[in-house]
Every structure is written in structure tokens, then in C-alpha cells.
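Analysis of the macromolecular model
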Amino acid sequence: MGVLPVPAEVRAILLDIEGTTTPIAFVQETLFPYIKDNVKEYLRAHWEEEECQRDVGLLRKQAQEDSSLDGAVPIPLESGSGEEELERVIQAVVDNVHWQMSLDRKTTALKQLQGHMWRAAYATGLVKGEVFEDVVPAIRKWREAGMKVYIYSSGSIEAQKLLFGYSTEGDILELFDGHFDTKIGPKVESESYRRIAASIGCATNNILFLTDVPREANAAEEADTHVAVVIRPGNAGLTDDEKSYYSLISSFTELFLPSST
């Protein structure tokens, strides 16, 4: 590692969150346990609200699509026959959420509910989004050099904005020109990066994607997007082949922008 020159044609930097801008430990030890510990209470408190019903509807639809998977948890419809039935349906939603999370599913339905739960947690100060100390100074420098900066995460756009809007560095949403989640497509499919480039209004080779996941880096590279793999404390280790193949950085400060000279 050391200094990594950014190709001259790059006009936008696309950032993963978990393991790239933010410690994996924050997601694994703070955000996810909050969902597991509080989902039943949240559903009971918000069940009658339209937003919550939309979330449950999406989860129910996902459960139907997952019905052939081993261990899948169905979510029955309500027939309006009292508190006991309501508790049964809520428990089914809880069990479904726990099942999806145990498999590290990235479904839009799951991410949407999680985003709404985290919104309440951030707003009340129960949770603050963590970012590595090199992130904010580096992004400010990139922007001063004329670079656009975007986020692409499997977490919902709302969850992304909460993390950066209620971060340990304060509200840093102004640093980003846009956000993408799995609605644009899975991060391990090359077509997603083509869609992002089209949305931004540039060619795929005008983008540099930073991620800690080689499968994502590979998908981006297949779309002719520049990539670098980020090495952070707590990230999964890389194989020797991955280490020799990919450009690696351990800090955003290691990126060298030709336009910043």
C-alpha cells in the first residue's frame, strides 16, 4: 500500500460503507443488535401506522418469494380476529426478520424496516454513526479537487443518510452528491455499476469504486469501473491472489488525485 494514483479520467468516487467508511464492528455490534433486540417492541408500537404496514407488506411479499428456501418463515395475513392473532402475526414478522438477518440477507424489504427503526434510534440519540477518522478530511479534499462523491451500500438510502446525518463527526451529508442502494441492483452484479454511471451521467470508467469486498470489486471492474479494495481493522482477510491483483489502500489519504497537485 502507500500512495495510489487515481486515473486521470476519474470524475466520481463511489464509496461502500461497511468496512470502508465505517467500522464493520459498528454495523455488527451496534446497528444489527439494535434491530434484533427491538423489532418486536417497534412493531407493537407502530403497527397501525401506514409506514409500518408498508414495511410488513414488503416483508410478507419477500417471504412468499423465499417460501422454497430452507428455514424460510412465512408471514400470515391478518383476519382482524383480535389481539391473540395480532401477536401471532407480529411474532411471525419478528421471526422472519431474525431469519433473514441470520443469513445476512440484503433484501430491500429487510433493509427498509431496518432503516425506519434506525431513524428512531438516531433521532433520539441512542445511536451515532461511526466513520473512520481519515474519511471526512479526505472527502473534503476530493471535493475541493472537483471530484463528485457518492455512496453505494446494501443498506437503504435512508439508513445511509441517518448514519452520516447523525455521525460522530456531526451531520456530514453535505459531503455526498448522491446515494445508491440495492434498488439500483445488487453490488455483486456488474449491471448495477452501469446503472449508477448512467444515473450520475458519466461513463463507468469515470468512476472509482472503493470497497472492502472483492466480489463487489470484481463486479465493478467487469463494468469497466476503476476499483480499489480497502483494508480496515476488522475486515475479512484477502487471499494472496486478491492482494496481488487489486489496488489496496488502508486509508482514504492514500489516494492521490492528479488534479489536486
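Residues numbered from 1 in each chain as written. Predicted model: local features only at pLDDT ≥ 70, side-chain atom pairs only at ≥ 80, totals over all residues. Heavy atoms only, no water.

Okay, the packing of helix H2 (residues 50-65) against helix H3 (residues 83-102) next. Two numbers describe how H2 lies on H3: the axes approach to 11 Å, and their chain directions differ by 65°. Considering the relative orientation of H2 and H3, their crossing is left-handed. Here Val 56, Leu 59, Arg 60, Gln 62 and Ala 63 of H2 lie close against H3, whose contacting residues are Val 89, Val 93, Asn 96, Val 97 and Gln 100. Here the residues of the contact of H2 with H3 are counted per class, giving six nonpolar, three polar and one charged. (Axes fitted to C-alpha atoms, helices over the stretch in contact; angles between N-to-C directions. Helix = DSSP H or I, 4+ residues; strand = E, 2+ residues; numbered from the N terminus. Left-handed = near helix turned anticlockwise from the far one by under 90°. Contact = heavy atoms within 4.5 Å. Nonpolar A, V, L, I, M, F, W, Y, C, P; charged D, E, K, R; others polar.)

On to the pattern of salt bridges. This structure, assessed with the given rule, holds 14 salt bridges. Between Lys 187 and Asp 16 there is a salt bridge, with the nearest N and O atoms lying 2.6 Å from each other. Residue Lys 187 is located in the loop between strand E4 (178-180) and helix H7 (190-200), and its partner Asp 16 is located in the loop between strand E2 (12-15) and helix H1 (24-46); the two are separated by 171 residues in the primary sequence. Under the relative-accessibility criterion, Lys 187 is labelled buried at 6%. For Asp 16, a relative accessible area of 4% corresponds to the buried category. By sharing partners, the salt bridges in this structure join Asp 16, Lys 187 and Glu 216 into a single network. (Salt bridge = Lys/Arg side-chain N within 4 Å of Asp/Glu carboxyl O. Buried < 20%, exposed > 50% of the residue type's maximum accessible area, 1.4 Å probe, protein only.)

With that out of the way, let us pick up the sheet that holds E4. One open sheet accounts for six strands, arranged E4-E3-E2-E5-E6-E7; its pairing is parallel. Two strands close off the open sheet at either side, each with one partner strand: E4 and strand E7 (248-249). Bridging between E2 and strand E3 (residues 148-152) involves four bridges; their strand directions are parallel. Residue Leu 15 lies in a different strand from E3, and its bridge partner there is Ile 151. (Pairing = 2+ DSSP bridges.)

Our focus in this paragraph is the layout of surface pockets. Each pocket or cavity is described by its volume, and for the largest pocket that value is around 750 Å³. Forming the boundary of the largest pocket are 35 residues, of which Glu 18, Lys 106, Ser 154, Lys 187 and Glu 216 lie nearest the centre. For the lining of the largest pocket, the secondary structure elements donating two or more residues are H1, helix H4 (108-123), helix H6 (157-165) and helix H8 (214-222). Tallied by class, the residues present in the lining of the largest pocket amount to 15 nonpolar, 11 polar and nine charged. Summarising the domain contributions, the lining of the largest pocket has at least three residues from each of domain 1 (4-22 + 129-256) and domain 2 (28-124). (1 Å grid on protein atoms, 1.4 Å probe; cavity = no way out; pocket = protein on both sides within 12 Å on 5 of 7 lines; lining within 4 Å. Points joined across faces, edges and corners; volume = space filled by probe spheres on them. Domains from an automatic or database assignment.)

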